[in-house]
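Remarks on the overall topology
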Amino acid sequence: MKPAAFAYARARSVEHAISLLGEHQGDARLLAGGQSLIATLNMRLSSPSLLVDINRLPDLGAISVTAGIVEFGALVRHVQAEQSETVARYAPLIARAMPHIAHPAIRNRGTIGGSIAFADPAAELPACIVALGGELEIAGPHGRRSVSAEAFFKGMFETELGPHDLLTAIRVPAADAKTRAGFAELARRHGDYALTGLAACARATAGGLSDVHLAYFGVGTMPVRARNAEAALDAGDIENAVRAIATDLDPAGDLHASAELKSHLAGVLLRRVFRQLSEQPT
Amino acid sequence: MSIESCPIVLTVNGETVIENVEPRTTLVDFLRDSLGLTGTRTGCEHGVCGTCTVRVDGTIVRGCLMLAVQCDGARVETIEGVSDTGEIADLQENFRLRNALQCGFCTPGILLTAQELLSRGGMPDREAIRLHLSGNYCRCTGYQAIIDAVETTARQRTGTNS
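Looking only at helices and strands, chain A has twelve helices and 14 strands in total. Relative to its length of 282 residues, chain A is compact, with a C-alpha radius of gyration of 19 Å against a globular reference of 19 Å. Projected onto its principal axes, the C-alpha positions of chain A cover 55 × 45 × 35 Å. Of the roughly 11600 Å² that chain A leaves accessible, carbon and sulfur atoms contribute 52%.

Residue and element names in this part refer to chain A. Taken across its six residues, strand β6 (residues 135–140) has five buried, putting it largely inside the fold. Summarising the sheet, β6 and strand β7 (residues 143–148) pair through six bridges and their orientation is antiparallel. Across the sheet, Glu-137 pairs through a bridge with Ser-146, a residue of β7. The turn linking β6 back onto β7 is made up of two residues. Bridge analysis of β6 against strand β10 (residues 166–173) gives five bridges, and the strand direction is antiparallel. Its bridge partner lying in β10, Glu-135 is registered against Arg-171.

In this section: the domain arrangement of chain B. All names here are of chain B. Split by domain assignment, chain B resolves into domain 1 (6–82) and domain 2 (87–158). Taken over C-alpha atoms, the centre of domain 1 sits 22 Å from the centre of domain 2. With 17 residues of domain 1 at the contact, the number on the domain 2 side is 15 residues. Summed over both partners, the interface of domain 1 with domain 2 buries about 1400 Å², with 60% contributed by carbon and sulfur atoms. Among the residues of domain 1 in contact with domain 2, Ile-60, Ile-79 and Val-82 are the three that bury the most area, contributing 38% of the side total. On the surface where domain 1 and domain 2 come into contact, there are one salt bridge.

Moving on to the confidence of the model for chain B. In this model, chain B carries a mean pLDDT of 96, and residues with pLDDT of at least 70 account for 98%. Reported confidences for the modelled complex are a pTM of 0.95 and an ipTM of 0.95.

Two strands in a sheet stick together by hydrogen bonds in their backbones, pointing the same way (parallel) or opposite ways (antiparallel). Residue and element names in this part refer to chain A. The strand order across the open sheet built from four strands is β11-β12-β13-β14, with neighbouring strands paired in antiparallel fashion. Unpaired on one side and paired on the other, β11 (179–186) and β14 (224–225) mark the two borders of the sheet. The sheet contacts of helix α8 (residues 124–132) involve β11, β12 (196–204), β13 (209–217) and β14, and relative to β13 the element is tilted by about 155°. Where helix α12 (residues 259–279) meets the sheet, its contacts fall on β11, β12 and β13, and the angle it forms with β11 comes to roughly 150°.

Before going further, it helps to examine the pattern of salt bridges. All chains considered together, the criterion is met by 29 salt bridges over all chains. In this structure, the salt-bridge partner of Arg-155 of chain B is Glu-151 of chain B, at a minimum N-O distance of 3.4 Å. One end of the pair is Arg-155 of chain B and the other is Glu-151 of chain B, both in helix α6 (residues 144–158) and four residues apart, which spans about a single turn. By relative accessible area, which is 22% here, Arg-155 of chain B ends up partly exposed. Taking relative accessible area as the criterion, Glu-151 of chain B reaches 14% and is therefore assigned buried. In the salt-bridge network here, residues are joined through shared partners; they are Glu-71, Glu-135, Glu-137, Arg-144 and Arg-171 of chain A.

Often, the extent of an interface is quoted as the loss of accessible area on bringing the components together. Chain A puts 37 residues into the contact, and the matching count from chain B is 31 residues. Summing the contributions of chain A and of chain B, the shared interface buries around 2800 Å²; its carbon and sulfur component is 56%. When the area that chain A buries against chain B is broken down by residue, the three leading residues are Phe-6, Tyr-8 and Arg-189 of chain A, summing to 20%. Residues Lys-2 of chain A and Asp-29 of chain B are paired through a salt bridge, measuring 2.7 Å at the closest nitrogen-oxygen approach.

We now examine a nonpolar patch on the surface. There is a patch of nonpolar side chains on the surface, built from Met-1, Met-43 and Leu-45 of chain A and spanning about 300 Å² of accessible area. When its relative accessible area of 43% is taken as the criterion, Met-1 of chain A is described as partly exposed.

All names here are of chain B. One can describe the packing of helix α4 (residues 107–118) onto α6 by two numbers: an axis separation of 11 Å at closest approach and a directional angle of 35°. Note that α4 runs across α6; the crossing there is right-handed. Contacts between α4 and α6 involve Ile-110, Ala-114, Gln-115 and Leu-118 from the first element and Ile-146, Val-150, Thr-153, Ala-154 and Arg-157 from the second. Its residues assigned to classes, the contact of α4 with α6 shows six nonpolar, two polar and one charged.

With that out of the way, let us pick up helix α1 (residues 27–34) of chain B. Residue and element names in this part refer to chain B. Turning to α1, its buried residues are Leu-27, Val-28, Asp-29, Phe-30 and Leu-31. Structurally, α1 contributes buried residues whose contacts are with β1 (6–12), β2 (15–21), β3 (53–56) and β5 (75–77). One or two steps after α1, the chain reaches Gly-36, where phi turns positive at roughly 70°.

Thresholds applied
- One numbering rule holds for all chains: residues counted from 1, following each sequence as written.
- Whichever chain is written first becomes A and whichever ligand is written first becomes 1, with later ones labelled in order.
- Restriction of local features to residues with pLDDT of at least 70 applies here, the model being predicted, together with a cutoff of 80 or more for giving and counting side-chain atom pairs; totals for whole chains, interfaces and linings are based on all residues.
- The side-chain quantities take in all heavy atoms of the structure and omit both hydrogens and water.
- The helix and strand labels rest on DSSP assignments: H or I over at least four residues marks a helix, E over at least two residues marks a strand, and numbering proceeds from the N terminus.
- Within these notes, the globule rule equals 2.2 Å times the number of residues to the 0.38 power, and the radius of gyration is based on C-alpha atoms.
- All accessible-area figures derive from a Shrake-Rupley calculation using a 1.4 Å probe, and residue coverage is judged against the displayed protein chains alone.
- Burial status follows relative accessibility: with a 1.4 Å probe on protein chains alone, a residue under 20% of its type maximum counts as buried, one over 50% as exposed, and anything between as partly exposed.
- Only when DSSP finds a minimum of two bridges between them are two strands counted as paired.
- Domain segmentation is taken from an automatic or database assignment of domains.
- Here, residues are in contact when the closest pair of their heavy atoms is within 4.5 Å.
- Note on terms: buried area is the combined drop in 1.4 Å-probe accessible area of two parts once they are placed together, counting the loss on both.
- We count a salt bridge whenever a side-chain nitrogen from Lys or Arg sits within 4 Å of a carboxyl oxygen from Asp or Glu.
- Confidence of the predictor in every single residue is expressed as pLDDT, which spans 0 to 100.
- Axis angles are defined between N-to-C directions and span 0 to 180 degrees, where every axis is a line fitted to C-alpha atoms and, for a helix, only to the segment in contact.
- Like-charged residues within 9 Å of one another, or nonpolar side chains (Val, Leu, Ile, Met, Phe, Trp, Tyr) within 5 Å, are grouped into patches, provided each residue has over 30% relative accessible area and no salt bridge.
- What makes a crossing left-handed is the near helix being turned counterclockwise from the far one by less than a right angle; a clockwise turn instead makes it right-handed.
- Charged residues are taken to be Asp, Glu, Lys and Arg, nonpolar residues to be Ala, Val, Leu, Ile, Met, Phe, Trp, Tyr, Cys and Pro, and polar residues to be all remaining types, Gly included.

What follows is the structure in structure tokens.
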């Protein structure tokens, strides 16, 4: 299991990376943390002619909070987010998801931007960004643009990113005292891709929850919002919400779990996450 | 930008290494094949098993998911270096005493991974040890003895009584 030969270039700037991608007509790939890409190269599932290494680009590795928005540079490593007090306080959903993302050695290298750009349907961060109503900043040959999370994910491993584009930043609304976050997943081994997982956020109200957002992963080609279950939880009815999952989700079975099992687990996770959303201090 | 060999300069276990590497050479293959440091193992070669774990600039990484060419300017440490400095002598001794290895294939990766957790200080509970080692497969021991050895080392280093 060795990669096919490729050329290697180290990008000096975002613009340089984009021009290198352009010169290779869609046959070049960006190398960020490499924790998915290099595995696919080793297995020869992919054999690009050029890898453009963006790991040393300046200015893409910071986490900041400005005017109610938390911004992650695309090259923020998972471990950085996991250990960040800013993330724990202002992006608690992402903080809750972090320990479930692969294993320590992989979190030391893998990047937030890479995980989102790769768009594995069973990955945690895409679902978190969809639940939070986040926004992705993309740099391309014609300048920069911002795309909502729901418009960004288009299908299995398919996103709004074109062959000459680079994801530069991820933005989510900063949590305040009324923000609630919930996260749970089931995997055969801790850190493996989930059989089924759920990222959720909500607003605490006097009587319960409002603005509940539920984004499932591992149950479709991309993160799936469970809108009927959201409405049921807005109305405070967990039993109805669990029943609504049957209409919200239509998972396909895979090697690891049948469709029936995934549907069942989706209900189990909803109860766990509802407890998390309800239990946090007001 | 070249498909041909690229020059890299790095330190491996404290020694400066100057080599030419093909871009497609992974760090673990470079360490084993070019430098003869065969304590680091190639297992699954897609990031699942953890046998290729090494330290780059002080943190553990999968040697199969990083390219040697990316390590230009980096500080790489393998099980050979970490053994020679005595940094994990107590952990190794506890593995021996508790029989926490049988074939030994996974052991270098597990030692480096455990050391990362232990070096943070504090007394991790068994669950924290399990979570930190979740990315390292051992097909011989059933893990209990490994958790025991790491726990014992943590207790000794922190002066915590059992």
